[in-house]
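# A look at the structure
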Amino acid sequence: MGEAQMAQESIHVEVAAPLPACRRPLVVDMDGTLVRSDLLIETALSEFARRPQSAVDMLKALRLGKAALKQCAASSVEFDASALPYDEAVLKEIEAAQKDGRQVYLASAASERIVRAVADHLGVFDGYIGSDATTNCSGTTKAAKLVAVFGEGRFDYIGNDADDLAVWSKCGTAIAIRTSGRVSRRLAAMPVEKEYLPHQKPSWRTWARLLRVHQYTKNLLLLVPLLASHQLTAENLIELGIAFLSFCLCASSVYIINDLVDLQADRAHPTKRHRPLAEGRIQLIHALLAAPLLLIASFILATGVSPAFFAVLLGYFVLTTAYSFYLKRKMLIDVVTLAMLYTVRIIAGAIAIGVHVSPWLLTFAIFIFLALALVKRYAELATRLDLQLSEPSNRNYKFEDLGVVAAFAAAAGYNSVTVFALYISSPDVNVLYQRPQMLWFVCPVLIYWTSRLVMIAHRRSMTEDPIVFAMTDRNSLLSFLIAGLAVVAAV
């Protein structure tokens with residue numbers, strides 16, 4: 001058996017000789033090219049999120065080489081090739097090649113199991129090549145295998161990164177997409193024909209969506225202790241400004257981590273599938289680098305506020321990370337955790353300016369935020385039911401729970417009103433308010449607002465976070481204004 005034939009069988013190519021130069025076969029890279037993602041990072045994160053102790057297995061595998069790591073990461077992951085963000089320009093190039101009568105092959109350094117799943121799903125390839133447990137099929141290894149089958153210069157190749165330079169040097173036409181400036185310059189110096197496919201670069205708006213800048217309004221909760229204690233000074237405002245920025249950076253870091261571990265679940269969600277990482281609009285490696293940088297910047301700012309504030313922020317990060325990896329999959333524990341995360345912001349705001357947090361305020365916050373978290377779960381579940389999607393795989397809720405979740409949301413909302421009413425009736429209210437009877441006007445507003453949120457969710461008019469919804473809802477803003485005027489009148 002000749003070397004070319006052996007190579008041909010090992011990479012699942014079904015032709016014995018290359019086609020004429022005018023109809024060279026087209027070979028397509030997968031990660032970052034056909035798929036706007038990195039499947040090694042995806043599978044490793046998915047396995048780690050499913051089974052955190054797998055990190056030890058992957059580190060052991062890495063000692064044996066990158067090929068072993070890929071096999072370990074992909075070995076037990078439930079992989080859905082149909083949900084991947086395929087690049088439209090590359091698919092068009094494949095379609096054009098097939099119309100010209102050319103054969104098309106998929107050549108990737110990803111695990112052969114993953115490559116096979118992608119090839120089977122698309123059904124457009126005449127063969128494929130992938131990494132096994134001992135051979136990492138990238139760079140010079142991939143180039144050597146392709147040359148052994150097709151011959152040097154007798155195939156065209158689409159790629160995107162530095163590892164593909166070795167293959168481009170051996171192909172007929174080098175077709176590039178999403179290359180960095182450094183890779184583009186090195187490719188330009190090669191004596192081969194070159195083509196560049198169009199692609200959309202991430203804009204600042206794309207990054208803003210990844211960082212969830214629109215969610216920063218939640219961190220305004222840090223101002224609640226300032227307003228409740230009536231200590232509105234320039235010094236406190238500066239401290240809270242730094243604290244606010246610190247929480248925003250930390251939250252963005254956590255949002256990125258959450259999106260990284262939830263990629264497959266997000267792609268199956270009716271709205272979350274449009275997130276930048278799920279769509280492949282931002283490279284996963286860039287997101288992996290951004291998350292720790294944002295967190296470090298956040299911690300640096302937090303230490304400038306106070307050691308106690310830093311401790312609270314660290315606790316917030318630990319709790320949100322635990323939520324992303326584990327707690328959000330636990331029924332009701334997830335919503336209690338969300339309520340706690342909102343309440344932690346109030347505690348952090350009080351620590352930042354050195355004021356006492358009233359037990360009344362904390363109790364009220366727990367109930368009102370629990371109601372909002374339950375409304376969020378209700379809206380997500382109802383949306384999936386209406387779109388005839390399956391029950392969420394990363395949430396332990398079923399469609400039959402909808403009525404119970406709505407009841408829990410209403411009960412938590414009404415309990416928050418009860419706590420507020422008891423506070424107005426207590427002697428503590430006289431310490432801060434000269435006309436506490438004016439606060440009674442807040443109660444009907446709270447009853448209306450919490451009830452309306454449940455109704456809006458029941459009518460399927462809420463498809464996002466209820467706090468974000470409230471920030472753009474005219475009736476909610478009017479309710480906040482009326483409640484605010486009542487509090488001001490009470491002072």
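Anyway, here's the lowdown on the structure attached to this text. (Residues numbered from 1 in each chain as written. Predicted model: local features only at pLDDT ≥ 70, side-chain atom pairs only at ≥ 80, totals over all residues. Heavy atoms only, no water.)

### Description of the nonpolar core
Grouped together as the largest cluster of nonpolar side chains are 101 residues, with contacts concentrated most on I256, L277, F309, Y316, F369 and F420. Other than its neighbours up to four places away in sequence, Y316 contacts F247, C250, A251, L341, V344 and R345. Membership of the second largest hydrophobic core comes to 28 residues, among which are L26, L39, A89 and I94. (Core = buried A, V, L, I, M, F, W, Y, C linked by side-chain atoms within 4.5 Å. Buried < 20%, exposed > 50% of the residue type's maximum accessible area, 1.4 Å probe, protein only. Contact = heavy atoms within 4.5 Å.)

### Description of the packing of aromatic side chains
Per the stated rule, a full pass over the model turns up 11 aromatic pairs. Note on Y342 and F369: the rings are 5.0 Å apart at their centroids and 35° apart in plane angle, and the pair reads as tilted. On the criterion of sequence distance, the pair formed by Y342 in helix α17 (residues 333-353) and F369 in helix α18 (residues 359-386) is long-range, its members being 27 residues apart. (Phe/Tyr/Trp six-rings, centres within 6.5 Å; stacked < 30°, edge-to-face > 60°. Helix = DSSP H or I, 4+ residues; strand = E, 2+ residues; numbered from the N terminus.)

### Focus: helix α5 (residues 88-99)
Note that an α-helix has 3.6 residues per turn; residues three or four places apart therefore point the same way. For α5, with 12 residues, the first-to-last C-alpha span of 16 Å sits near the 16 Å given by 1.5 Å per residue. Taken as a whole, α5 has its buried residues at A89, V90, I94 and A97. What you see down the axis of α5 is that its buried residues fit within an arc of 140°, all on one side. In α5, the exposed positions that point more than 90 degrees away from the buried face belong to K92 and K99. (Expected span 1.5 Å × (residues − 1). Arc of directions from axis to C-beta.)

### A few points about the sheet that holds strand β4 (residues 156-159)
In spatial order, the strands read β3-β2-β1-β4-β5-β6; together these 6 strands make up an open sheet with parallel pairing. Each having just a single partner strand, β3 (127-131) and β6 (193-196) make up the two edges of the open sheet. Averaged over neighbouring strand pairs, the angle between their axes works out to 20° when direction is ignored. Bridge analysis of strand β5 (residues 173-176) against β6 gives 4 bridges, and the strand direction is parallel. Pairing of A174 across the sheet is with K194, part of β6. Where α5 meets the sheet, its contacts fall on β1 (26-28), β2 (104-111), β4, β5 and β6, and the angle it forms with β1 comes to roughly 155°. Along the sheet, helix α6 (residues 112-122) makes contact with β2 and β3, crossing β2 at roughly 145°. (Pairing = 2+ DSSP bridges. Axes fitted to C-alpha atoms, helices over the stretch in contact; angles between N-to-C directions.)

### Side note on unusual backbone geometry
A positive phi angle, near 55°, is found at R178, a position not held by glycine. Looking at where R178 falls in the secondary structure, it is placed in the loop between β5 and α9 (181-188). Residue classification places R178 among the buried positions, given a relative accessible area of 18%. At R212, a position not held by glycine, the phi torsion is positive, near 55°. Looking at the secondary structure, you find R212 in the loop between α10 (204-211) and α11 (224-229).

### Some words on the pairing of β3
Where burial is concerned, most of β3 is hidden: 5 out of the 5 residues are buried. Side chains of β3 alternate between two faces, with G127, I129 and S131 and Y128 and G130 buried alike. In this sheet, β3 lies alongside β2 in parallel orientation, the contact comprising 4 bridges. Residue Y105 lies in a different strand from β3, and its bridge partner there is G127. Crossover β2 to β3 through α6 is right-handed. (Right-handed = clockwise from strand over helix to strand, strands pointing away.)

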